Amino acid sequence: MEKRRGPPPCQSKEGCSNPAKIRKAKDGAQLCGPCFSRNFEDDVHETITNNSLFKRGERVAIGASGGKDSTVLAYVMKTLNDRHDYGLDLQLLSIDEGIKGYRDDSLLAVEKNRVEYGLPLTILSYRDLYGWTMDDIVAKIGKKNNCTFCGVFRRQALDRGAFKIGATKLVTGHNADDMAETVLMNVLRGDIARLERCTNIVTGEEGDLPRAKPLKYCFERDIVMYARTNQLEYFYTECIYAPNAYRGYARKYVRDLEKVHPSAILDLIRSGEKVSVKKEVEMPTLKICERCGYMTSQKMCKACLLIEGLNTGNTDLGVRKTKKSKKVTVEAEGSNKEENGCGSSKGGCGCSAAADETENEETRKRLKDLQF
Ligand SMILES: Nc1ncnc2c1ncn2[C@@H]1O[C@H](COP(=O)(O)OP(=O)(O)OP(=O)(O)O)[C@@H](O)[C@H]1O
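Residues numbered from 1 in each chain as written. Predicted model: local features only at pLDDT ≥ 70, side-chain atom pairs only at ≥ 80, totals over all residues. Heavy atoms only, no water.

**A short note on the UniProt feature "domain: Cytoplasmic tRNA 2-thiolation protein 1 C-terminal" (unreviewed entry) in the protein**
As annotated in UniProt, the feature "domain: Cytoplasmic tRNA 2-thiolation protein 1 C-terminal" (unreviewed entry) corresponds to residues 289–316 in the numbering used here. Taken end to end, residues 289–316 comprises 39% helix and 7% strand; its first and last C-alpha atoms sit 20 Å apart. (UniProt positions renumbered as here; feature names shortened; annotations may be inferred. Helix = DSSP H or I, 4+ residues; strand = E, 2+ residues; numbered from the N terminus.)

Below, the structure written as structure tokens:
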């Protein structure tokens, strides 16, 4: 009878004699658990050094959501900082979007990581920053455009949190699969400016707080395997408000593509990296939001526009380009909105927003207090 063959030997370059247990999704290498972990960490170290992501002595905020990517990011950043003596001051930064049964649970995972990794943790909430939780927003506008609100608010909240703790860089757990999906989405939307930027490993260098993505070349399946191999605790439920997001379709397509053509993910990223906008195409210049002081290419930042819409009942504001949203942007150019109450074209107009006047005032105060 033919003898059943066992697992092949580990293909690690270090000449390990263990049996292979894991096939690395990125390059198909068959490795044992410890060699897979080391190989994964070496990949991230190479990405960090090849792209000179950090300067010695920098305080780096790690965007920690409690999910697999940022949990692995925090663990690997700490491991590499210790192993290679990067000299970084690492801190965890979490944003509580106010989604019951999702973010409150995932923040428990971050809290555990804080204790286990010995990294300080700061949590900022949408409620404190904007006066609205995502639960409130979905109750008001439904599930259709809620991801727009969440994405804009989170981006700004992470920046504000990083400034608050004195970080000079923010790192997020965006991985190779995320990047490939984003390339695809920007192609489908014909958004060439975003297509050019979306594969950059560091973004926001024109502002005060650059963001880096050390896991840019790590495949999602390898991240999950790394988390399992190192018994990392993370929260693994999808956001309860995101199932219909456009990204879901791109994700499924990229996954199907990867099954028949494993290099598809890296190919998509490389395609994105090769795109460059012609010099004569005018790119937006950065200004300061007249209302909250955050950077923006308009007179008023997108978050303030969205808050304005929520507080005035004009929930299309900042979501779709309606005549009204244009009007508010133009208004912001011509007048001081702080004095205008509801922010409509008529100050003290008695429209439905008048009832929200106190709420508006509170939101503004909060935003002012949070300017750094
Ligand atoms: N609430 C949050 N607080 C802090 N950082 C966040 C938060 N949400 C997202 N991020 C950061 O942005 C990255 C990408 O977020 P995304 O929403 O795409 O989640 P994801 O791909 O599921 O990542 P994760 O597995 O880390 O949740 C995360 O890895 C994390 O670094």
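That was the structure; now back to the text.
**Regarding the pattern of salt bridges**
Pairing between side chains of opposite charge can happen when the charged atoms of each approach one another. Per the stated rule, a full pass over the model turns up 25 salt bridges. With a shortest N-O distance of 3.3 Å, Arg38 and Asp42 are connected by a salt bridge. Here the residue Arg38 and the residue Asp42 both occupy positions in helix α1 (residues 33–50), the gap between them amounting to four residues, near one helical turn. Overall, Arg38 belongs to the partly exposed group, its relative accessible area being 39%. Across the salt bridge formed by Glu181 and Arg251, the nearest N and O atoms sit 3.2 Å from each other. Placement of the pair is Glu181 in helix α7 (residues 176–189) and Arg251 in helix α10 (residues 246–260), with a sequence separation of 70 residues. Salt bridges here are not isolated pairs; linked through shared partners, they connect Lys24, Lys26, Asp27 and Asp43. (Salt bridge = Lys/Arg side-chain N within 4 Å of Asp/Glu carboxyl O. Buried < 20%, exposed > 50% of the residue type's maximum accessible area, 1.4 Å probe, protein only.)

**A look at the state of the cysteines**
What is meant by a disulfide is a covalent connection between two cysteines, made through their sulfur atoms. Taken as a whole and assessed by the stated rule, the structure comprises zero disulfides. There is no disulfide at Cys147, and the cysteine sulfur nearest it, in Cys239, is 6.5 Å away. Residue Cys147 is classed as partly exposed on the basis of its relative accessible area, which comes to 37%. The thiol of Cys292 is unpaired, and the distance to the nearest cysteine sulfur, on Cys304, comes to 3.7 Å. (Disulfide = S-S within 2.5 Å.)

**Quick word on the site of the ligand**
Close contacts around the ligand come from 18 residues, with Gly63, Ser65, Asp69, Ser70 and Ile95 the closest. Taking Ser65, its side chain carries an N or O atom lying 2.6 Å from an oxygen atom of the ligand. Protein contact buries 83% of the 580 Å² of open area that the ligand shows by itself. Within the residue set of the shell around the ligand, elements represented by two or more residues are α2 (68–83), β4 (89–96) and α6 (146–164). (Near = heavy atom within 4 Å. Polar contact = N/O pair within 3.5 Å; in protein donor to acceptor, adjacent residues only side chain to side chain. Areas by Shrake-Rupley, 256 points an atom, 1.4 Å probe, with all protein chains shown as cover.)

**Here's the deal with helix α3 (residues 103–117)**
The terminal C-alpha atoms of α3, which comprises 15 residues, lie 20 Å apart, in line with the 21 Å expected from a rise of 1.5 Å per residue. Turning to α3, its buried residues number three or more, namely Arg103, Ser106, Leu107, Ala109, Val110, Asn113 and Tyr117. Down the axis of α3, the buried set is contained in an arc of 150 degrees. They therefore lie on one face. Away from its buried face by more than 90 degrees, α3 exposes Leu108, Val115 and Glu116. Here the buried face of α3 lies against α2, β4, β5 (121–125) and α6. Where α3 ends, the next residue or the one after it, Gly118, has phi of about 65 degrees, a positive value. (Expected span 1.5 Å × (residues − 1). Arc of directions from axis to C-beta. Contact = heavy atoms within 4.5 Å.)

**A few points about the environment of Lys169**
Mapping Lys169 onto the fold places it in strand β6 (residues 169–171). Lys169 sits 109 residues away from Val60 along the chain, and the two C-alpha atoms are 5.0 Å apart. Those residues in contact with Lys169 that lie beyond four places of it in its chain are Leu53, Phe54, Glu58, Arg59, Val60, Ala61, Leu209 and Pro210. At 2.7 Å, the side chain of Lys169 and the backbone oxygen of Leu53 are in polar contact.

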